[in-house]
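Residue strings, one per chain:
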Amino acid sequence: MRRFYYVFLLLLVIALAAAGCSQPAAAPATSAPASDTQTAPAASSDSVKLPEEIVMFNWTDYIDPDLYGEFEEASGVRVIEDNYSSNEELLAKLQGGSAGYAVIVPSDYTVGIMIEEGLLAKLDHANIPNLSNLADRFTQVPYDPGSVYCVPYMWGTTGFGYDSTKVDPPASWSVFFEPDPNSDIYGRVTMLDDPRESFAAALAYLGYDINTTDEAQLNEAKDALIRAKAQLAGYDSDTYEDLVASGENLLAHGWNGDFLLAMEDNENIVYVTPKEGGVVFVDNLCIPASATPEQKLAGEMLINFLLEPEVAARNSEFIYYASPNKAAEAFLPEDFLNDTSIYPPAEVLDKLQYLEPVGEAESIYQRLWDEVKSAQ
Ligand code: SPD
């Protein structure tokens, strides 16, 4: 079926280019059942041409890179990837007027902020027929019900990973917030370079809501983060798992899939969701409002491609994050679907919370985070 898709799409693009208009033709009017691959993205505007190249602005290690080549083969559009390290970095770029991105990957709470600030384009669902492959619970997410602006891409959890041959099994956030200068890990620990995630860790440790807007609680969390700094090698959201895998660091705050990927290099890494709880997240494929019509069409085609069941399954298996794509499950091995680090059981999920927009308090988080980062 996939080969048919590529050949079909390639022929379609060639035929349209020969006819002097390179947009894909309208999809067949029939609506195929969920779990079907739906082939031709429908262009809503007859005058839109596909660009030669688009930029996907993504987290690091968050896609199987082979998929870019396969998409290019199918569509003729080359994808260049650029990376960011936190939602706040992505948001600041868009707020500052950075343009040129066709697809971005913000997390749940950031989608809400971006919609409110008019930073996202509405998706043309006619160009994304594979939207029907999403599991029901991901079609009505609270920050974007009905996938008007974004399509859920992957979901995961935040906790910590450590090398089990060198560290006694920690189960609590206290391993970060009660540093012991005599322990082996002292100086060989990292935390995420991410204000909401690092505050969530401190707030969960203190027993507070991870979305609190109470300034006194946030100040307490700031003090805990400054205390934790004593044993940190640094803040890192991009290479932390590799540094644990290589033995340079022994413990890191981070995301489940990243540690699972690092286990390919070091099987002694263990990922933990702390007993006090932490963060569960959904990351999403969205198109910035600043995208040109050409970039938007190509972005929607890329999103549709990533929603193909077999593509979504391969991608999920490559990066070790759970896919919200129900139809992809048929292509995922049993041991992947049964891995509790990827699909946490109900009793673990019950302790986790989504980060939410905090409105006016965003500036408090940012100010206190700056104080943490600059504290000696
Ligand atoms: N290396 C992939 C990282 C994916 C991170 N998702 C971010 C969730 C933020 N709350």
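Residues numbered from 1 in each chain as written. Predicted model: local features only at pLDDT ≥ 70, side-chain atom pairs only at ≥ 80, totals over all residues. Heavy atoms only, no water.

Focus on the overall build of the protein
Inclusion rule: Here a strand is any run of E in DSSP of at least two residues, a helix any run of H or I of at least four, and the numbering for each starts at the N terminus. Under the scheme applied here, a residue whose accessible area is under 20% of the maximum for its type counts as buried, over 50% as exposed, and between as partly exposed, the area being computed with a 1.4 Å probe on protein chains only. We call two residues contacting when some pair of their heavy atoms lies within 4.5 Å. Each accessible area value is a Shrake-Rupley result obtained with a 1.4 Å probe; residue values ignore everything except the protein chains displayed when judging cover.
Regarding its fold elements, the protein presents 14 helices and 10 strands. Among the 376 residues that make up the protein, the fraction classed as buried is 56%. Excluding contacts between residues fewer than 6 apart, the proportion of contacts in the protein whose partners are at least 24 apart in sequence is 75%. With the model as given, the accessible surface of the protein reaches about 15,200 Å², and the carbon-plus-sulfur share is 51%.

Considering the state of the cysteines
Linking two cysteines covalently through their sulfur atoms gives a disulfide. Put simply, the rule is: Any cysteine sulfur atom paired with another within 2.5 Å is treated as part of a disulfide.
One pass over the structure, following the stated rule, counts 1 disulfide. Bridging C150 to C286, the disulfide has an S-S length of 2.2 Å. The sign of the S-S torsion, about 110 degrees, decides the handedness of the disulfide formed by C150 and C286: right-handed. Taken as a pair, C150 in strand β4 (residues 150-163) and C286 in strand β9 (residues 278-286) lie far apart in primary sequence, 136 residues in all. Neither C150 nor C286 differs from the other in exposure class; each is buried.

Digging into the pattern of salt bridges
Stated precisely, the cut-off is as follows: Between Lys or Arg on one side and Asp or Glu on the other, a salt bridge is scored when a side-chain nitrogen of the former is within 4 Å of a carboxyl oxygen of the latter.
Counted by the stated rule, this structure contains 10 salt bridges. Between K166 and D163 there is a salt bridge, with its nearest N and O atoms 3.6 Å apart. A residue is classified by how much of its surface remains accessible, and D163, at 2% relative accessible area, is buried. Among the ionic pairs, R367 bridges to E215, the shortest N-O distance being 2.9 Å. Of the two residues, R367 is situated in helix α14 (residues 362-374) and E215 in helix α7 (residues 215-229); the sequence distance between them amounts to 152 residues. For R367, a relative accessible area of 40% gives the class partly exposed. For E215, a relative accessible area of 37% puts it in the partly exposed group. A network of salt bridges, in which partner residues are shared, links E215, K222, R367 and E371.

Some details on the site of the ligand
Basically, it comes down to this: Whether a residue is near a molecule or strand depends on its heavy atoms: if one lies within 4 Å, it is near. In protein, a polar contact requires one atom able to donate a hydrogen and another able to accept it; more generally it is a pair of N or O atoms within 3.5 Å, and residues adjacent in sequence count only if both atoms are side-chain atoms. Asp, Glu, Lys and Arg are counted as charged, while Ala, Val, Leu, Ile, Met, Phe, Trp, Tyr, Cys and Pro are counted as nonpolar; the rest, among them Gly, fall into the polar class.
With respect to spatial proximity, the complete set of residues near the ligand consists of W59, T60, Y62, N87, S107, E197, W255, D258, F281, D283 and Y321. Between E197 and the ligand, the recorded distance is 2.7 Å, taken from a side-chain N or O atom to a nitrogen atom. D258 has a polar side-chain atom sitting 2.9 Å from a nitrogen atom of the ligand. For the ligand, the accessible surface in isolation is 340 Å², of which the surrounding protein chains cover 99%. Of the residues assigned to the shell around the ligand, the class counts are 5 nonpolar, 3 polar and 3 charged.

Some thoughts on the environment of I303
Tracing the sequence through the fold places I303 in helix α10 (residues 293-306). On the accessibility criterion, I303 (0% relative accessible area) is buried. For the pair I303 and C150, spaced 153 residues apart in sequence, the C-alpha to C-alpha distance is 9.5 Å.

Description of the packing of helix α3 (residues 87-95) against helix α4 (residues 108-116)
Selection criterion: Between the N-to-C directions of two axes lies an angle of 0 to 180 degrees, each axis being a line fitted to C-alpha atoms and, for a helix, fitted only over the stretch in contact. Each angle receives one of four descriptions, namely roughly parallel if under 35 degrees, roughly antiparallel if over 145, roughly perpendicular if within 65 to 115, and oblique otherwise. Two helices cross in a left-handed way if the nearer one is turned anticlockwise from the farther one by less than a right angle. They cross in a right-handed way if the turn is clockwise.
For the pair α3 and α4, interaxial distance at closest approach is 10 Å and the crossing angle is 15 degrees. Between α3 and α4, the angle is such that the two are roughly parallel. The two elements α3 and α4 meet at a crossing, and its hand is right-handed. Note on element contacts: α4 touches α3 through Y109, T110, I113 and M114, opposite N87, E88, L90, L91 and L94. Within the contact of α3 with α4, the residues separate by chemical class into 6 nonpolar, 2 polar and 1 charged.

Some thoughts on helix α11 (residues 309-319)
Structurally, the α-helix is built with 3.6 residues per turn, so residues lying three or four positions apart point the same way. Here α11 has its buried residues at P309, V311, A312, A313, N315, S316 and I319. Y320 sits one or two residues past α11 and shows a positive phi near 65 degrees.

Function cannot be read off these values alone, since they describe shape.
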